[in-house]
Amino acid sequence: MHRVDPLDNPYFGRSAGPLARTVADVAPVMHAVARPDERDHTSLPDADIDWLDLDTDVRGRRIAVHTDPGAGMPVDPEVKAAVLRAADLFSDAGAEVVELPAFIDDGILRDIDDFRHIRYWCTYLGLSHEAKTAVLPCIAEWVHPGSDMTGRRALEAYETFDELQKRTVGGDLGL
């Protein structure tokens, strides 16, 4: 489920949203794009969020900080330090900062990667010859392992998204 709509060809595991250097840069974009869209079955219902109100008082709010996913590439120490400095600013402003534990393991990461290999291999196969030639060679090479994975493997990998959602939404992450 997501707040930014619509996603063309939505499916579990795909998300979208703006990137910017500051919250002030993101706010007007979110104000414009954070709406439900009937064309996208994964969109969330409308929410009463004033994206342009940047003077939010964080006192008494619970804010999560996540610096260790549990699998994959290690977090860059400079990035982790920057995230923790930001968390300290929220704490100093009166928020309760809760550090989330790692919730991904090597098995989940492998399954998500396999699912994406299969998913994007199918997308790649559907491209015209001209479109395939426009795909970067590293991308074409990356999707190739999906070519010989079975339907059973695709479903096993897909079910991992449910497990990940249980761990993050329905699980006990200390929030």
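Conventions used here
The numbers attached to residues start from 1 for each chain and follow its sequence in the written order. Note on the predicted model: pLDDT of at least 70 is required for a residue's local features to be given, and 80 or more for side-chain atom pairs to be given and counted; whole-chain, interface and lining totals, by contrast, use all residues. In computing side-chain values, all of the structure's heavy atoms are included and hydrogens and water are not. Any Lys or Arg side-chain nitrogen found within 4 Å of a carboxyl oxygen on Asp or Glu counts as a salt bridge. A helix here means a DSSP run of H or I that spans at least four residues, while a strand means a run of E at least two residues long, and both kinds are numbered starting from the N terminus. A simple rule labels every residue: compare its accessible area, found with a 1.4 Å probe on the protein chains alone, to the largest value its type can have, and call it buried under 20%, exposed over 50%, or partly exposed in between. Only residues above 30% relative accessible area that lack a salt bridge enter a patch, with like-charged residues linked at up to 9 Å and the nonpolar side chains Val, Leu, Ile, Met, Phe, Trp and Tyr linked at up to 5 Å. Only the protein chains shown count as covering a residue, and every accessible area follows the Shrake-Rupley method with a 1.4 Å probe. Strands were regarded as paired on the criterion that DSSP finds at least two bridges between them. Look down the strands so they point away from you; if the path from the first strand over the helix to the second goes clockwise, the crossover is right-handed. A contact between two residues is defined here by any heavy atoms of the two lying within 4.5 Å.

Enquirer: Any chance you could explain the pattern of salt bridges here in plain terms?
Expert: Any two side chains of opposite charge can pair if their charged atoms end up close together. Here the structure, examined in full by the defined rule, presents ten salt bridges. Linking Arg62 and Glu96 is a salt bridge whose minimum nitrogen-to-oxygen distance equals 3.4 Å. With Arg62 in strand 1 (residues 62–65) and Glu96 in strand 2 (residues 96–99), the pair connects residues that are 34 residues apart, well separated along the chain. For the salt bridge of Asp114 with Arg153, the shortest nitrogen-to-oxygen distance reads 2.8 Å. With Asp114 in helix 3 (residues 106–125) and Arg153 in helix 6 (residues 151–170), this pair connects stretches of sequence that are 39 residues apart. Like Arg153, Asp114 is buried. Put simply, Arg110, Asp111, Asp114, Arg152, Arg153 and Glu156 are held in one network by salt bridges that share partners.

Enquirer: Would you mind going over a nonpolar patch on the surface with me for this structure?
Expert: A contiguous nonpolar patch, built from Val75, Val79 and Val83 and spanning about 200 Å² of accessible area, is present on the exposed surface. Relative to the assigned elements, Val79 resides in helix 2 (residues 77–92).

Enquirer: When you look at the pairing of strand 1 in this model, what are you seeing that I'm missing?
Expert: Where a strand is regular, its side chains alternate between the two sheet faces. Only one face of strand 1 is buried, namely the one carrying Ile63 and Val65, since none of Arg62 and Ala64 on the opposite face is buried. Here strand 1 pairs with strand 2 via four bridges, running parallel. By the bridge assignment for strand 2, Arg62 is matched with Glu96. Handedness of the strand 1-helix 2-strand 2 crossover: right-handed.

Enquirer: Teacher, can you tell me more about the environment of Gly60 here?
Expert: On the secondary structure map, Gly60 appears in the loop between helix 1 (23–33) and strand 1. For the pair Gly60 and Pro36, spaced 24 residues apart in sequence, the C-alpha to C-alpha distance is 29 Å. For Gly60, the contacting residues outside a window of four places in its chain are Gly94 and Ala95.

Functional significance is not addressed by these values, which are geometric in nature.
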